[in-house]
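Report on the structure
Chain by chain, the residues:
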Amino acid sequence: MPHLSDEEILEHIQSGNTTKQNEAFRQLYRDNFRKIESLVLKNNGTHDIAKDIFHDGIIVFFNKAKKGIEMNSAIGTYLYAVCQNLWLNHLRKNKKQVPLQEGVEPESDSETIYDTLVVNEKKKIIAQLLEKMGDDCQKLIQLFYYHRMKMQNIKEVFGLGSEQAAKNKKSQCMKKLRIMVKDNANYKNMLTG
Amino acid sequence: MKQEDFQLIEKYLEGELDGQALTDFHERMEKDAEFAEAVGMEKDILGGIELLGNEALKKQLEKIGEEEMGGAKVIDINNRRRKFLWAAAAVLGLALVAKFAIDTSPPSPEKLYAEYAVHEFDFLEKGDDQKILGEAIRKMEDGNFKDALPIMKSLSEEKPKEQVYLLALGICYLETNDLTEALNIFDNINSPLFEWEVIWYKALLNLKLKNYEQSVQLLTNIPSDSSRKKDADNLKLEILKIK
């Protein structure tokens, strides 16, 4: 497999083509994993933690790169910085967890923490609903929204006659998902608090 | 809500609206509760899609990792990464260590320092720094900390965020017996990555100063999951013999 330059990695990711995206992920793995593993092992982390940190770092990079946001540094440098931050957060979280004494307010803004928890919970509910949808709808939604696959390619993946047919199918799937979300008791509870 | 409304909301959530379109959108959100609710739900839906996508991607990366790295759990020391391991004992000579090993009398702080001051840290390749860093490493490997010191000083001034350079500089000061400056440098390292290394070196510094209690206290603070723990326990026992 030819070595991809940074520019080609970005092109592969932004192509929305999952095969090309996988090629980019392989290149990122080959070029960067050992460095991240070294960073984590150096401070008594494990191989498995290094892998988790690296995978999370690639996900952060992917979600940024696929939107076409301009990178100000080499991909390796960016990925290293992201993983370094993720690793430091991991260390902070695992350092010392002092139980709160009764009547002592936490320093953080509890309202913000609550809001974040609610947002995360809502995302989980929707992810579960999405999993319950038919395979086609779930796949189409993921390809279009997550991988940013173009309608032209979606048409081919699903063997549809035209791009318009692909757009219509996407609209139907999203409509179905919205109804499922709106009718979901757990989601409604989250809205009313 | 019409299909066009959802398309508009998607554009908003993707940050594709600006100028008047964005102002109009905000005004509509303020006036139209149903529309505002739809925006909130659409945001949640896109968040849910991203969450599921991230989970699927993570599984995919697991697979790619196994295929690319063959599940290896050992780091290769290759040409992209240089590991520097140097024992201060080498400078004093192996004979001294051997003598110390069979000596039943309480060890001197100098001997203990010589045995335990093993410097191990990784320098990742840093592009332009590589040549100059290589020079510093060679000098340190030769035990020439005096000449390595100005190079590490210059590198750490150029790249203050590279705390591994700062750690190496602190070690250079420690080895050349500029203990005040060494302590000053160690105090300035704040990365959790080097938290226990800094404590370890402060313990060695206090050993050099013959502040045995302080040294023992610092060694006691090194946690059980640190790679220095075993050495810390052994060194502590040796220091207690001096006391």
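About the cut-offs
Residues numbered from 1 in each chain as written. Chains lettered and ligands numbered in written order. Predicted model: local features only at pLDDT ≥ 70, side-chain atom pairs only at ≥ 80, totals over all residues. Heavy atoms only, no water. Helix = DSSP H or I, 4+ residues; strand = E, 2+ residues; numbered from the N terminus. Buried < 20%, exposed > 50% of the residue type's maximum accessible area, 1.4 Å probe, protein only. Contact = heavy atoms within 4.5 Å. Areas by Shrake-Rupley, 256 points an atom, 1.4 Å probe, with all protein chains shown as cover. Buried area = accessible area lost by both parts, 1.4 Å probe. Salt bridge = Lys/Arg side-chain N within 4 Å of Asp/Glu carboxyl O. Polar contact = N/O pair within 3.5 Å; in protein donor to acceptor, adjacent residues only side chain to side chain. Axes fitted to C-alpha atoms, helices over the stretch in contact; angles between N-to-C directions. Parallel < 35°, antiparallel > 145°, perpendicular 65-115°, else oblique. Nonpolar A, V, L, I, M, F, W, Y, C, P; charged D, E, K, R; others polar. Core = buried A, V, L, I, M, F, W, Y, C linked by side-chain atoms within 4.5 Å. Patch = residues over 30% accessible without salt bridge, like charges linked within 9 Å, V, L, I, M, F, W, Y side chains within 5 Å. Lys, Arg positive; Asp, Glu negative; His and termini not counted. Charge placed at Lys NZ, Arg CZ, Asp CG, Glu CD.

Along chain B, the regular secondary structure elements total 13 helices and 2 strands. Residues counted as buried form 42% of the 243 residues belonging to chain B. A separation threshold of at least 6 residues defines the contact pool for chain B, and within that pool the share at least 24 residues apart is 59%. Summed over all atoms, the accessible surface of chain B reaches about 13000 Å², with 50% contributed by carbon and sulfur.

Before going further, it helps to examine the interface of chain A and chain B. Counting residues at the interface gives 54 residues for chain A and 45 residues for chain B. Interface area lost by chain A to chain B is led by Arg26(A), Arg34(A) and Arg178(A), which between them contribute 15%. Taken together, the connections running from chain A to chain B amount to 9 salt bridges. The residue Arg148(A) makes a salt bridge to Glu14(B) at a minimum N-O spacing of 3.1 Å. Joining chain A to chain B, the criterion identifies 14 residue pairs in polar contact (both at pLDDT 80 or more).

This part covers unusual backbone geometry. A negative phi angle is the norm for most residues apart from glycine, just as the trans form is the norm for most peptide bonds. Its identity as a non-glycine residue notwithstanding, Arg148(A) has a phi of 60 degrees, on the positive side. Given the relative accessible area of 23%, Arg148(A) is considered partly exposed. The backbone of Lys210(B) shows a phi angle near 65 degrees, a positive value even though the residue is not glycine. Within the fold, Lys210(B) resides in the loop between helix 11 (195–208) and helix 12 (212–221). For Lys210(B), a relative accessible area of 45% corresponds to the partly exposed category.

Let us now look at the packing of helix 6 (residues 109–116) of chain B against helix 13 (residues 229–242) of chain B. Residue and element names in this part refer to chain B. Between helix 6 and helix 13, the shortest axis-to-axis distance is 11 Å and the interhelical angle comes to 170 degrees. Judged by the inter-axis angle, helix 6 sits roughly antiparallel to helix 13. Here helix 6 contributes Pro109, Leu112 and Tyr116 to the contact with helix 13, which in turn contributes Asp231, Asn234, Leu235, Glu238, Ile239 and Ile242. Residues of the contact of helix 6 with helix 13, tallied by class, amount to 6 nonpolar, 1 polar and 2 charged.

Another point: the nonpolar core. If you look at the biggest cluster of nonpolar residues, it comprises 101 residues, and the most contacted ones within it are Phe61(A), Ile141(A), Leu177(A), Met152(B), Trp200(B), Leu204(B) and Leu235(B). Tallying contributions element by element places helix 9 (residues 163–175) of chain B first for this core, with 10 residues. Excluding residues that lie within four positions of it along the chain, Leu235(B) makes contacts with Leu112(B), Tyr116(B), Trp200(B), Leu204(B), Leu207(B) and Leu219(B).

Among the structural elements, Glu10(B) can be located in helix 1 (residues 3–13). Among the residues examined, Glu10(B) registers a relative accessible area of 15% and is labelled buried.

What follows covers the pattern of salt bridges. Tallied over the entire structure, the rule returns 17 salt bridges over all chains. For the salt bridge of Lys229(B) with Asp233(B), the shortest nitrogen-to-oxygen distance reads 3.4 Å. Here the residue Lys229(B) and the residue Asp233(B) both occupy positions in helix 13, the gap between them amounting to 4 residues, near one helical turn. Taking relative accessible area as the criterion, Asp233(B) reaches 28% and is therefore assigned partly exposed. Residues joined in a network through salt bridges with shared partners are Arg26(A), Arg30(A), Glu67(B) and Glu68(B).

Residue and element names in this part refer to chain A. Negative charge collects at one region of the surface, where Asp6, Glu7, Glu8 and Glu11 lie side by side. Inspection of the secondary structure puts glutamate 11 in helix 1 (residues 6–14). Under the relative-accessibility criterion, glutamate 11 is labelled partly exposed at 47%.

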